[in-house]
Amino acid sequence: MALRGGLIGCGFFAQNHLHAWGDVDGADIVAVCDRDDSRLKEAGDRFGISERFNDAEAMLAQTDLDFVDIATTMETHRALAELCARLGVPVICQKPFAPTIDEARAIVSTFAEARLPLMVHENFRWQTPMLAVRAALDSGRIGDPFFARISWRTGFDVFANQPYLAEVERLIILDLGIHLLDVSRFLLGEVESLVAQVSRTRQGIRGEDSATMLLKHVGGATSVVDCSYAARRDPDYFPETLIEIDGPTGSIRLDPAFKLTVHWPGGTETTEVGPRLLDWASPPWHMVQESVFNTQQHWADCLRNSEAPSPSGADNLRTMALVEAAYDSARTGDVVRLAD
Ligand code: NAD
Ligand code: 89V
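Just so it is clear, the structure is predicted and the values come from calculations on it, not from any experiment. (Residues numbered from 1 in each chain as written. Chains lettered and ligands numbered in written order. Predicted model: local features only at pLDDT ≥ 70, side-chain atom pairs only at ≥ 80, totals over all residues. Heavy atoms only, no water.)

Draft legend 1. Structural detail: the site of ligand 1. Residues in close proximity to ligand 1 total 24 residues, the closest being D34, R39, K95, N123 and Y164. Measuring from an oxygen atom of ligand 1, one finds a backbone N or O atom of K95 at 2.7 Å. In the complex, the protein chains occlude 90% of the 860 Å² of accessible area that ligand 1 would expose alone. Residue assignment for the shell around ligand 1 shows that the elements contributing at least two residues are helix 4 (77-86) and helix 8 (172-188). For the shell around ligand 1, a count of residues per class yields nine nonpolar, ten polar and five charged. (Near = heavy atom within 4 Å. Polar contact = N/O pair within 3.5 Å; in protein donor to acceptor, adjacent residues only side chain to side chain. Areas by Shrake-Rupley, 256 points an atom, 1.4 Å probe, with all protein chains shown as cover. Helix = DSSP H or I, 4+ residues; strand = E, 2+ residues; numbered from the N terminus. Nonpolar A, V, L, I, M, F, W, Y, C, P; charged D, E, K, R; others polar.)

Here it is in structure tokens:
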């Protein structure tokens, strides 16, 4: 029997969740919830879901669910997740896990006490190109990396689809940098210390729209993580993450258009590591859209097999700690040391 899921939040990005759930093997969304009647109706009609609720508690009371997919914005995550925990329902929750690490810790603690599965829908580590970089590192061809640059710079108008981003005090590190910091952990391991600089270039927004972060990883590697919503470039590679990694015996580069180059004593190999173009996906979002499918298929598999998901809520606390460290460093100018 397929797992029965309920989705809360039928907004902009949830459309990708719902399309991807249609492709996921072993799980179906059988109920949707949104406070907004028109969005609820549109999602239910488009995806053929008859169980529709304006209130999450009513959905949970009236529908037998194996999990809930929380696709609302971060300020609602804790209340919704803890409601699910009280009712014994596992959760996959969109990023940012919560507006602050303290709220994220509270969610993790609640789910640990309830002994329930909890995953954060952090999908950059589930992008096909990122999995290819991870595999290249795992091949051992370049040895243990000592340097990486993880860069995401665009002038794409993210505010058109996500107008709330113009209102938040903490913008690009908490919205986009959070993905890149997770990637830095995914590729180079845990972080000992971090220093950050931020700036705001765009008019009409409240938060920072550029950030540059220097990380020292456990084991000695250094990474530079940089991101901007204010880069005026042509071509603009939105939403691709560009990566370069150096190791003692070679290097790995992820260049625009998903071109992966591995150089090692055995030679130099260049391959195209782009995503599949899913039938509901459309460039330039198609790589992100495929990662949504990859993330959700992983969650369904973990639930069915009683395995820990990646990233679990507890794991994502380490990424949230880097977000908080970056904001602390940008405010004080100090190098921030991360607790073990
Ligand atoms: P949105 O504002 O377009 O949609 C959120 C929806 O949730 C709205 O329709 C709202 O009515 C509904 N909602 C809010 N609180 C609710 C509640 N308590 N009960 C029921 N419905 C409720 O937001 P969005 O742009 O779709 O972003 C949602 C989340 O997805 C954000 O956290 C964002 O950071 C994240 N996101 C992730 C990616 C990615 O995975 N790469 C990309 C874009 C956005
Ligand atoms: O992926 C995200 O979280 C979106 C972005 C605009 C960065 O794609 O917010």
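Draft legend 2. Molecular detail of the packing of helix 8 against helix 10 (residues 313-332). The N-to-C vectors of helix 8 and helix 10 enclose an angle of 125°; their axes lie 9 Å apart at closest approach. With respect to each other, helix 8 and helix 10 are oriented oblique. When you trace helix 8 past helix 10, the crossing you get is right-handed. Every residue of helix 10 that contacts helix 8 at I172, I173, L174, I178, L181, D182, S184 and R185 is listed here: D315, N316, R318, T319, M320, L322, V323, A326 and Y327. Classifying every residue of the contact of helix 8 with helix 10 gives ten nonpolar, three polar and four charged. (Axes fitted to C-alpha atoms, helices over the stretch in contact; angles between N-to-C directions. Parallel < 35°, antiparallel > 145°, perpendicular 65-115°, else oblique. Left-handed = near helix turned anticlockwise from the far one by under 90°. Contact = heavy atoms within 4.5 Å.)

Draft legend 3. Highlighting the pattern of salt bridges. Applying the stated criterion across every chain yields a total of 22 salt bridges. A salt bridge links D226 to R153; the shortest N-O distance between them is 2.6 Å. Placement of the pair is D226 in strand 10 (residues 222-228) and R153 in strand 7 (residues 147-153), with a sequence separation of 73 residues. The class for R153 is partly exposed, based on a relative accessible area of 25%. Across the pair R318 and E190 runs a salt bridge whose closest N-O atoms are separated by 3.8 Å. (Salt bridge = Lys/Arg side-chain N within 4 Å of Asp/Glu carboxyl O. Buried < 20%, exposed > 50% of the residue type's maximum accessible area, 1.4 Å probe, protein only.)

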